[in-house]
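So you can see what is in the structure, the chains are spelled out below.
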Amino acid sequence: MFWNCRGAASKAFYRYCKQYIDNYKPSVFIVVETRCNPGKLKDPFKKLGFDAMEASDNIGFAGGIVIAWKTKEININVNIKDRQFIHVKVNMEHGGVRKRGGLPASVTRCEKMRKRMDDCQVSDMETRGPLFTGRGSIFHGGQRIYEKLDRGLSNDEWNFHFPEAYVKVLPRVDFSDHHPILVEPFGDFFLSQKRPFRFESVWMLNETYKSMLQEAWQEEQSILVNLGNVTRGIDKWKFDSFDKIKHMKKVLMRRLEGVQRKLQARDNYGGMRRLEKQIQQELSDILNKEEIMWFQRSRTKWLSDGDRNTSYYHMKTVNRRRRNKILMLKDEGGNWIGDQETLKAHVIDFYKKLFTCNKSLCNWSPSHASYPRIDEKKLESLKDDINEAKVKRA
(Lines give C-alpha, C1' and ligand atoms only; values in the text may rest on other atoms or scores of the structure.)
Protein backbone atom coordinates (compact mmCIF):
# COMPACT_ATOMS: atom_id res chain seq x y z
CA MET A 1 0.00 0.00 0.00
CA PHE A 2 1.24 3.48 -0.91
CA TRP A 3 0.05 6.75 0.66
CA ASN A 4 1.11 10.38 0.37
CA CYS A 5 0.01 11.27 3.91
CA ARG A 6 1.15 14.94 3.97
CA GLY A 7 2.50 14.70 7.52
CA ALA A 8 2.82 11.79 9.98
CA ALA A 9 3.70 13.52 13.26
CA SER A 10 0.16 13.84 14.66
CA LYS A 11 -1.76 11.20 16.63
CA ALA A 12 -4.45 11.22 13.95
CA PHE A 13 -1.95 9.65 11.50
CA TYR A 14 -1.93 6.38 13.51
CA ARG A 15 -5.72 6.33 13.78
CA TYR A 16 -6.25 6.76 10.02
CA CYS A 17 -3.48 4.26 9.22
CA LYS A 18 -5.09 1.66 11.49
CA GLN A 19 -8.33 2.11 9.56
CA TYR A 20 -6.65 1.16 6.27
CA ILE A 21 -4.45 -1.61 7.75
CA ASP A 22 -7.39 -3.33 9.52
CA ASN A 23 -9.51 -3.33 6.37
CA TYR A 24 -6.95 -4.24 3.68
CA LYS A 25 -4.08 -5.93 5.63
CA PRO A 26 -1.16 -5.04 3.31
CA SER A 27 2.23 -6.72 3.71
CA VAL A 28 4.10 -3.52 2.74
CA PHE A 29 3.14 0.05 3.68
CA ILE A 30 4.89 2.96 1.95
CA VAL A 31 4.35 6.47 3.30
CA VAL A 32 5.76 9.61 1.67
CA GLU A 33 5.79 13.25 2.79
CA THR A 34 6.10 12.21 6.44
CA ARG A 35 7.57 15.63 7.38
CA CYS A 36 8.97 14.35 10.68
CA ASN A 37 11.87 12.43 12.18
CA PRO A 38 11.63 8.78 10.94
CA GLY A 39 12.60 7.55 14.42
CA LYS A 40 9.25 8.76 15.75
CA LEU A 41 7.40 6.38 13.42
CA LYS A 42 8.99 3.12 14.61
CA ASP A 43 6.54 2.56 17.46
CA PRO A 44 3.37 3.40 15.44
CA PHE A 45 4.37 1.03 12.63
CA LYS A 46 5.26 -1.69 15.15
CA LYS A 47 1.80 -1.36 16.70
CA LEU A 48 0.30 -1.69 13.22
CA GLY A 49 2.06 -5.05 12.76
CA PHE A 50 5.12 -4.05 10.68
CA ASP A 51 8.32 -5.38 12.26
CA ALA A 52 10.78 -3.93 9.70
CA MET A 53 11.21 -0.39 8.45
CA GLU A 54 13.48 1.69 6.22
CA ALA A 55 13.29 5.46 5.93
CA SER A 56 14.95 8.32 4.07
CA ASP A 57 15.96 11.52 5.83
CA ASN A 58 13.52 14.38 5.68
CA ILE A 59 14.62 17.94 4.90
CA GLY A 60 13.33 19.96 7.84
CA PHE A 61 9.54 19.78 7.68
CA ALA A 62 9.51 18.64 4.05
CA GLY A 63 9.84 15.24 2.37
CA GLY A 64 10.42 11.94 4.10
CA ILE A 65 9.85 8.39 2.80
CA VAL A 66 9.12 5.34 4.99
CA ILE A 67 8.81 1.71 3.86
CA ALA A 68 7.45 -0.69 6.49
CA TRP A 69 6.82 -4.40 5.93
CA LYS A 70 6.05 -7.71 7.63
CA THR A 71 9.11 -9.96 7.48
CA LYS A 72 7.05 -13.16 7.79
CA GLU A 73 5.16 -12.32 4.60
CA ILE A 74 7.71 -10.49 2.45
CA ASN A 75 11.45 -9.80 2.22
CA ILE A 76 12.77 -6.37 1.17
CA ASN A 77 16.41 -5.42 0.49
CA VAL A 78 17.36 -1.78 0.05
CA ASN A 79 19.64 -1.14 -2.94
CA ILE A 80 19.84 2.67 -3.01
CA LYS A 81 18.48 5.16 -0.50
CA ASP A 82 18.25 8.88 -1.14
CA ARG A 83 16.26 11.79 0.26
CA GLN A 84 13.91 11.70 -2.73
CA PHE A 85 13.64 7.97 -3.43
CA ILE A 86 14.33 4.48 -2.07
CA HIS A 87 15.20 1.69 -4.52
CA VAL A 88 14.40 -1.74 -3.08
CA LYS A 89 14.24 -5.36 -4.20
CA VAL A 90 11.13 -7.25 -3.09
CA ASN A 91 11.00 -11.03 -2.71
CA MET A 92 7.79 -12.90 -1.93
CA GLU A 93 7.46 -16.54 -1.00
CA HIS A 94 4.51 -17.66 -2.51
CA GLY A 95 1.33 5.18 -19.04
CA GLY A 96 -0.60 7.88 -20.31
CA VAL A 97 -1.37 11.31 -18.84
CA ARG A 98 -4.36 11.28 -16.46
CA LYS A 99 -5.41 14.77 -15.41
CA ARG A 100 -8.51 16.94 -15.24
CA GLY A 101 -8.54 20.68 -14.61
CA GLY A 102 -5.71 23.20 -14.34
CA LEU A 103 -2.90 23.63 -16.83
CA PRO A 104 -2.11 20.83 -19.29
CA ALA A 105 0.41 18.24 -18.12
CA SER A 106 4.05 18.95 -19.00
CA VAL A 107 4.92 16.91 -22.11
CA THR A 108 8.63 17.07 -21.26
CA ARG A 109 8.13 15.59 -17.78
CA CYS A 110 5.81 12.91 -19.15
CA GLU A 111 8.40 11.91 -21.75
CA LYS A 112 11.09 11.71 -19.06
CA MET A 113 8.87 9.48 -16.95
CA ARG A 114 8.10 7.25 -19.95
CA LYS A 115 11.81 6.98 -20.82
CA ARG A 116 12.71 5.98 -17.27
CA MET A 117 9.95 3.37 -17.26
CA ASP A 118 11.26 1.98 -20.57
CA ASP A 119 14.84 1.94 -19.24
CA CYS A 120 13.69 -0.01 -16.17
CA GLN A 121 11.46 -2.23 -18.37
CA VAL A 122 8.35 -1.62 -16.27
CA SER A 123 4.78 -0.72 -17.21
CA ASP A 124 1.59 0.43 -15.50
CA MET A 125 -0.34 -2.25 -13.64
CA GLU A 126 -4.08 -2.72 -14.05
CA THR A 127 -5.89 -0.21 -11.84
CA ARG A 128 -9.34 -0.58 -10.27
CA GLY A 129 -11.29 2.14 -8.51
CA PRO A 130 -11.26 5.92 -9.04
CA LEU A 131 -9.34 7.10 -12.11
CA PHE A 132 -7.47 9.89 -10.29
CA THR A 133 -5.34 9.33 -7.19
CA GLY A 134 -4.54 12.95 -6.23
CA ARG A 135 -6.67 16.02 -5.64
CA GLY A 136 -5.07 19.43 -6.17
CA SER A 137 -6.06 22.96 -5.36
CA ILE A 138 -9.06 24.79 -6.82
CA PHE A 139 -8.08 26.39 -10.14
CA HIS A 140 -9.46 29.52 -11.81
CA GLY A 141 -13.23 29.36 -12.19
CA GLY A 142 -13.71 27.13 -9.15
CA GLN A 143 -12.60 23.93 -10.90
CA ARG A 144 -10.54 21.51 -8.81
CA ILE A 145 -7.52 19.70 -10.25
CA TYR A 146 -7.50 15.87 -10.30
CA GLU A 147 -4.51 13.80 -11.43
CA LYS A 148 -3.30 10.22 -11.48
CA LEU A 149 -0.11 10.80 -9.50
CA ASP A 150 0.29 7.49 -7.63
CA ARG A 151 0.51 4.25 -9.57
CA GLY A 152 1.91 0.72 -9.48
CA LEU A 153 4.63 -0.40 -11.93
CA SER A 154 5.76 -3.94 -12.67
CA ASN A 155 8.06 -5.78 -15.09
CA ASP A 156 7.40 -8.86 -17.21
CA GLU A 157 8.93 -11.29 -14.71
CA TRP A 158 6.72 -10.02 -11.89
CA ASN A 159 3.64 -10.18 -14.15
CA PHE A 160 4.52 -13.78 -14.98
CA HIS A 161 4.61 -14.81 -11.29
CA PHE A 162 1.51 -12.77 -10.37
CA PRO A 163 -0.78 -12.82 -13.44
CA GLU A 164 -3.91 -11.84 -11.46
CA ALA A 165 -2.31 -8.82 -9.75
CA TYR A 166 -3.87 -5.37 -9.90
CA VAL A 167 -3.76 -2.01 -8.12
CA LYS A 168 -6.82 -0.93 -6.15
CA VAL A 169 -7.36 2.80 -5.52
CA LEU A 170 -8.86 3.11 -2.02
CA PRO A 171 -11.23 5.86 -0.83
CA ARG A 172 -9.53 9.09 0.18
CA VAL A 173 -9.97 10.31 3.77
CA ASP A 174 -9.85 13.95 4.78
CA PHE A 175 -6.35 13.56 6.24
CA SER A 176 -4.64 13.82 2.83
CA ASP A 177 -5.32 14.91 -0.76
CA HIS A 178 -4.04 11.56 -2.05
CA HIS A 179 -5.81 8.22 -2.31
CA PRO A 180 -3.93 5.23 -0.84
CA ILE A 181 -3.31 2.49 -3.39
CA LEU A 182 -3.33 -1.21 -2.56
CA VAL A 183 -1.43 -3.80 -4.62
CA GLU A 184 -3.36 -7.11 -4.74
CA PRO A 185 -0.77 -9.64 -6.03
CA PHE A 186 -3.17 -12.61 -6.00
CA GLY A 187 -6.24 -10.90 -7.43
CA ASP A 188 -9.63 -11.84 -5.98
CA PHE A 189 -8.72 -15.46 -5.18
CA PHE A 190 -9.07 -15.24 -1.41
CA LEU A 191 -12.80 -14.90 -0.83
CA SER A 192 -13.98 -13.86 2.61
CA GLN A 193 -16.00 -16.53 4.39
CA LYS A 194 -18.58 -16.10 7.13
CA ARG A 195 -16.96 -16.86 10.47
CA PRO A 196 -18.48 -19.60 12.62
CA PHE A 197 -20.26 -18.69 15.83
CA ARG A 198 -17.81 -18.57 18.76
CA PHE A 199 -18.13 -17.36 22.32
CA GLU A 200 -15.89 -14.47 23.37
CA SER A 201 -15.06 -13.96 27.03
CA VAL A 202 -15.15 -10.17 26.57
CA TRP A 203 -18.96 -10.36 26.22
CA MET A 204 -19.29 -11.16 29.92
CA LEU A 205 -17.76 -7.78 30.75
CA ASN A 206 -20.79 -6.05 29.25
CA GLU A 207 -23.60 -5.31 31.71
CA THR A 208 -26.38 -6.11 29.20
CA TYR A 209 -25.08 -9.58 28.33
CA LYS A 210 -26.80 -11.41 31.23
CA SER A 211 -30.18 -9.72 30.65
CA MET A 212 -29.98 -10.55 26.94
CA LEU A 213 -29.45 -14.27 27.73
CA GLN A 214 -32.36 -14.29 30.19
CA GLU A 215 -34.62 -12.75 27.57
CA ALA A 216 -33.54 -15.21 24.85
CA TRP A 217 -33.87 -18.36 27.00
CA GLN A 218 -37.51 -19.44 27.39
CA GLU A 219 -38.24 -22.13 30.03
CA GLU A 220 -41.19 -23.62 28.11
CA GLN A 221 -39.08 -24.24 24.99
CA SER A 222 -36.83 -27.24 24.30
CA ILE A 223 -33.04 -27.04 24.59
CA LEU A 224 -32.54 -27.07 20.80
CA VAL A 225 -35.02 -24.21 20.30
CA ASN A 226 -33.44 -22.22 23.14
CA LEU A 227 -29.94 -22.72 21.75
CA GLY A 228 -31.13 -21.32 18.44
CA ASN A 229 -32.77 -18.36 20.20
CA VAL A 230 -29.59 -17.66 22.18
CA THR A 231 -27.44 -17.78 19.03
CA ARG A 232 -29.70 -15.31 17.22
CA GLY A 233 -29.96 -13.13 20.33
CA ILE A 234 -26.18 -12.96 20.75
CA ASP A 235 -25.67 -12.13 17.07
CA LYS A 236 -28.12 -9.21 17.28
CA TRP A 237 -26.80 -8.03 20.65
CA LYS A 238 -23.17 -8.26 19.50
CA PHE A 239 -23.93 -6.26 16.38
CA ASP A 240 -25.68 -3.50 18.35
CA SER A 241 -23.02 -3.31 21.09
CA PHE A 242 -19.68 -4.32 19.53
CA ASP A 243 -19.92 -4.54 15.74
CA LYS A 244 -22.02 -1.46 14.97
CA ILE A 245 -19.04 0.90 14.95
CA LYS A 246 -17.12 -1.37 12.56
CA HIS A 247 -20.19 -1.74 10.33
CA MET A 248 -20.83 2.00 10.21
CA LYS A 249 -17.18 2.58 9.32
CA LYS A 250 -17.48 0.30 6.28
CA VAL A 251 -20.71 1.99 5.17
CA LEU A 252 -19.13 5.44 5.40
CA MET A 253 -16.06 4.30 3.43
CA ARG A 254 -18.31 2.96 0.63
CA ARG A 255 -20.33 6.19 0.55
CA LEU A 256 -17.14 8.24 0.52
CA GLU A 257 -15.81 6.28 -2.45
CA GLY A 258 -19.03 6.86 -4.43
CA VAL A 259 -19.12 10.59 -3.69
CA GLN A 260 -15.47 11.07 -4.69
CA ARG A 261 -16.09 9.27 -7.99
CA LYS A 262 -18.95 11.70 -8.70
CA LEU A 263 -16.76 14.67 -7.85
CA GLN A 264 -14.01 13.46 -10.16
CA ALA A 265 -16.49 13.02 -13.01
CA ARG A 266 -17.90 16.53 -12.57
CA ASP A 267 -16.50 19.10 -10.18
CA ASN A 268 -19.37 21.59 -10.01
CA TYR A 269 -21.38 19.60 -7.49
CA GLY A 270 -21.86 21.95 -4.53
CA GLY A 271 -24.12 19.46 -2.80
CA MET A 272 -21.65 16.63 -3.34
CA ARG A 273 -18.80 18.65 -1.84
CA ARG A 274 -20.93 19.37 1.23
CA LEU A 275 -21.89 15.70 1.45
CA GLU A 276 -18.22 14.63 1.25
CA LYS A 277 -17.36 17.04 4.08
CA GLN A 278 -20.22 15.66 6.16
CA ILE A 279 -19.15 12.03 5.56
CA GLN A 280 -15.53 12.91 6.39
CA GLN A 281 -16.70 14.37 9.71
CA GLU A 282 -18.86 11.31 10.49
CA LEU A 283 -15.93 9.02 9.65
CA SER A 284 -13.64 11.00 11.94
CA ASP A 285 -16.19 10.69 14.78
CA ILE A 286 -16.51 6.92 14.21
CA LEU A 287 -12.73 6.46 14.29
CA ASN A 288 -12.55 8.40 17.56
CA LYS A 289 -15.29 6.22 19.06
CA GLU A 290 -13.53 3.06 17.90
CA GLU A 291 -10.27 4.21 19.44
CA ILE A 292 -12.01 4.92 22.78
CA MET A 293 -13.90 1.59 22.63
CA TRP A 294 -10.75 -0.46 22.14
CA PHE A 295 -8.99 1.46 24.90
CA GLN A 296 -11.85 0.79 27.31
CA ARG A 297 -12.07 -2.89 26.37
CA SER A 298 -8.34 -3.48 26.72
CA ARG A 299 -8.29 -1.57 30.03
CA THR A 300 -11.18 -3.61 31.44
CA LYS A 301 -9.55 -6.83 30.29
CA TRP A 302 -6.32 -5.86 32.03
CA LEU A 303 -8.16 -5.15 35.28
CA SER A 304 -10.03 -8.46 35.07
CA ASP A 305 -7.34 -10.88 33.91
CA GLY A 306 -4.12 -9.11 34.83
CA ASP A 307 -1.24 -7.98 32.66
CA ARG A 308 -1.18 -10.12 29.50
CA ASN A 309 1.21 -10.21 26.55
CA THR A 310 -1.60 -9.53 24.06
CA SER A 311 0.71 -9.21 21.04
CA TYR A 312 2.00 -12.76 21.68
CA TYR A 313 -1.52 -14.25 21.79
CA HIS A 314 -2.52 -12.24 18.73
CA MET A 315 0.39 -13.63 16.72
CA LYS A 316 -0.42 -17.16 17.92
CA THR A 317 -4.00 -16.72 16.66
CA VAL A 318 -2.87 -15.33 13.30
CA ASN A 319 -0.39 -18.20 12.78
CA ARG A 320 -3.01 -20.81 13.70
CA ARG A 321 -5.47 -19.35 11.21
CA ARG A 322 -2.84 -19.46 8.48
CA ARG A 323 -2.08 -23.11 9.23
CA ASN A 324 -5.77 -24.02 9.28
CA LYS A 325 -6.61 -22.30 6.00
CA ILE A 326 -7.08 -24.89 3.23
CA LEU A 327 -6.27 -23.46 -0.19
CA MET A 328 -5.81 -26.66 -2.25
CA LEU A 329 -6.49 -30.40 -1.88
CA LYS A 330 -5.69 -33.52 -3.91
CA ASP A 331 -8.55 -35.59 -5.27
CA GLU A 332 -8.62 -39.39 -5.50
CA GLY A 333 -6.68 -39.25 -8.77
CA GLY A 334 -3.86 -37.20 -7.23
CA ASN A 335 -4.84 -33.97 -9.01
CA TRP A 336 -4.70 -30.67 -7.15
CA ILE A 337 -7.99 -28.80 -6.68
CA GLY A 338 -7.70 -25.03 -6.29
CA ASP A 339 -11.05 -23.67 -7.44
CA GLN A 340 -13.17 -22.61 -4.45
CA GLU A 341 -16.48 -24.13 -5.60
CA THR A 342 -14.85 -27.39 -6.74
CA LEU A 343 -12.98 -27.55 -3.43
CA LYS A 344 -16.22 -27.21 -1.45
CA ALA A 345 -17.93 -29.91 -3.50
CA HIS A 346 -14.94 -32.23 -3.03
CA VAL A 347 -14.97 -31.84 0.78
CA ILE A 348 -18.75 -32.36 1.02
CA ASP A 349 -18.54 -35.48 -1.16
CA PHE A 350 -15.69 -36.87 0.97
CA TYR A 351 -17.63 -36.60 4.22
CA LYS A 352 -20.82 -37.92 2.61
CA LYS A 353 -18.95 -41.09 1.67
CA LEU A 354 -17.26 -41.24 5.06
CA PHE A 355 -20.51 -41.17 7.06
CA THR A 356 -22.70 -43.15 4.66
CA CYS A 357 -23.54 -46.68 5.77
CA ASN A 358 -22.69 -49.28 3.13
CA LYS A 359 -24.74 -51.96 4.98
CA SER A 360 -21.75 -54.28 5.28
CA LEU A 361 -21.39 -56.54 8.33
CA CYS A 362 -18.74 -55.65 10.89
CA ASN A 363 -16.83 -58.20 12.94
CA TRP A 364 -16.51 -56.97 16.51
CA SER A 365 -13.57 -58.11 18.56
CA PRO A 366 -13.88 -58.51 22.35
CA SER A 367 -12.04 -55.92 24.43
CA HIS A 368 -10.05 -56.64 27.57
CA ALA A 369 -10.78 -53.15 28.94
CA SER A 370 -13.27 -52.95 31.79
CA TYR A 371 -15.29 -49.90 32.80
CA PRO A 372 -16.73 -49.25 36.27
CA ARG A 373 -20.51 -49.36 36.65
CA ILE A 374 -22.47 -46.52 38.23
CA ASP A 375 -24.62 -47.61 41.15
CA GLU A 376 -28.34 -46.91 41.15
CA LYS A 377 -28.12 -44.13 43.76
CA LYS A 378 -25.64 -42.06 41.74
CA LEU A 379 -27.57 -42.77 38.57
CA GLU A 380 -30.73 -41.36 40.14
CA SER A 381 -28.87 -38.28 41.42
CA LEU A 382 -27.98 -37.35 37.84
CA LYS A 383 -31.68 -36.70 37.23
CA ASP A 384 -31.88 -34.06 39.98
CA ASP A 385 -32.25 -30.37 39.19
CA ILE A 386 -29.09 -28.32 38.85
CA ASN A 387 -28.66 -25.64 41.51
CA GLU A 388 -26.00 -23.08 42.37
CA ALA A 389 -24.53 -25.16 45.20
CA LYS A 390 -23.89 -28.13 42.88
CA VAL A 391 -22.22 -25.91 40.33
CA LYS A 392 -19.88 -24.46 42.97
CA ARG A 393 -18.97 -27.94 44.28
CA ALA A 394 -18.22 -29.12 40.75
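Higher on the page you've got the structure.
What counts and what doesn't
Residues numbered from 1 in each chain as written. Predicted model: local features only at pLDDT ≥ 70, side-chain atom pairs only at ≥ 80, totals over all residues. Heavy atoms only, no water. Helix = DSSP H or I, 4+ residues; strand = E, 2+ residues; numbered from the N terminus. Buried < 20%, exposed > 50% of the residue type's maximum accessible area, 1.4 Å probe, protein only. Areas by Shrake-Rupley, 256 points an atom, 1.4 Å probe, with all protein chains shown as cover. Salt bridge = Lys/Arg side-chain N within 4 Å of Asp/Glu carboxyl O. Patch = residues over 30% accessible without salt bridge, like charges linked within 9 Å, V, L, I, M, F, W, Y side chains within 5 Å. Lys, Arg positive; Asp, Glu negative; His and termini not counted. Charge placed at Lys NZ, Arg CZ, Asp CG, Glu CD. Pairing = 2+ DSSP bridges. Contact = heavy atoms within 4.5 Å.

Draft legend 1. Geometry of the overall build of the protein chain. What the protein chain contains, in helices and strands, is 11 helices and 16 strands. The 394 residues of the protein chain split such that 28% are buried. Split by element, the accessible area of the protein chain, about 28400 Å² in all, is 53% carbon and sulfur.

Draft legend 2. The arrangement of the pattern of salt bridges in detail. Counting across every chain of the model gives 13 salt bridges. The partner of E54 in a salt bridge is K81, and the shortest N-O contact between them spans 3.2 Å. Of this pair, E54 sits in strand 3 (residues 52-55) while K81 sits in strand 5 (residues 74-81), and the two are 27 residues apart along the sequence. Among the residues examined, K81 registers a relative accessible area of 45% and is labelled partly exposed. The network of salt bridges with shared partners includes R6, R135, R172, D177 and E276.

Draft legend 3. Looking closely at a positive patch on the surface. Judged by side-chain charge, K25, K246, K250 and R254 come together as a positively charged surface patch. On the basis of relative accessibility, which here comes to 38%, the residue K250 falls in the partly exposed class.

Draft legend 4. Quick look at the sheet that holds strand 7 (residues 99-100). As summarised here, the arrangement of the 3 strands in space is 7-11-10, forming an open sheet in which the pairing is antiparallel. The sheet terminates laterally at strand 7 and strand 10 (134-138), the two strands that pair on one side only. In this sheet, strand 11 (residues 144-147) lies alongside strand 7 in antiparallel orientation, the contact comprising 2 bridges. When the bridges of strand 11 are listed, R100 appears paired with Y146.

Draft legend 5. Highlighting unusual backbone geometry. Even without being a glycine, R6 presents a positive backbone phi close to 60 degrees. Position of R6 among the secondary structure elements: in the loop between strand 1 (2-4) and helix 1 (11-24). Take R6: its relative accessible area is 37%, and that puts it in the partly exposed class. The phi torsion at Q121 lies on the positive side, around 55 degrees, for a residue other than glycine. With respect to the element layout, Q121 can be found in the loop between helix 3 (107-120) and strand 8 (123-124). For Q121, a relative accessible area of 63% gives the class exposed.

Draft legend 6. Here's a closer look at the side chain of S176. Position of S176 relative to the elements: it lies in the loop between strand 13 (166-169) and strand 14 (181-184). Of the residues examined, S176 reaches a relative accessible area of 3% and is grouped as buried. Among all residues touching S176, those that are not within four sequence positions of it are W3, N4, C5 and R6.

Draft legend 7. Just a nonpolar patch on the surface, in detail. Among the surface-exposed residues, V347, F350, Y351, L354 and F355 lie close enough to one another that they form a single nonpolar patch of about 530 Å² accessible area. Mapped onto the elements, F355 comes out in the loop between helix 9 (340-354) and helix 10 (376-381).

Draft legend 8. Layout of the environment of K89. Inspection of the secondary structure puts K89 in strand 6 (residues 86-92). For K89, a relative accessible area of 48% puts it in the partly exposed group. K89 sits 12 residues away from N77 along the chain, and the two C-alpha atoms are 5.2 Å apart. Contact partners of K89, with chain neighbours within four places excluded, come to N75, I76, N77 and N79.

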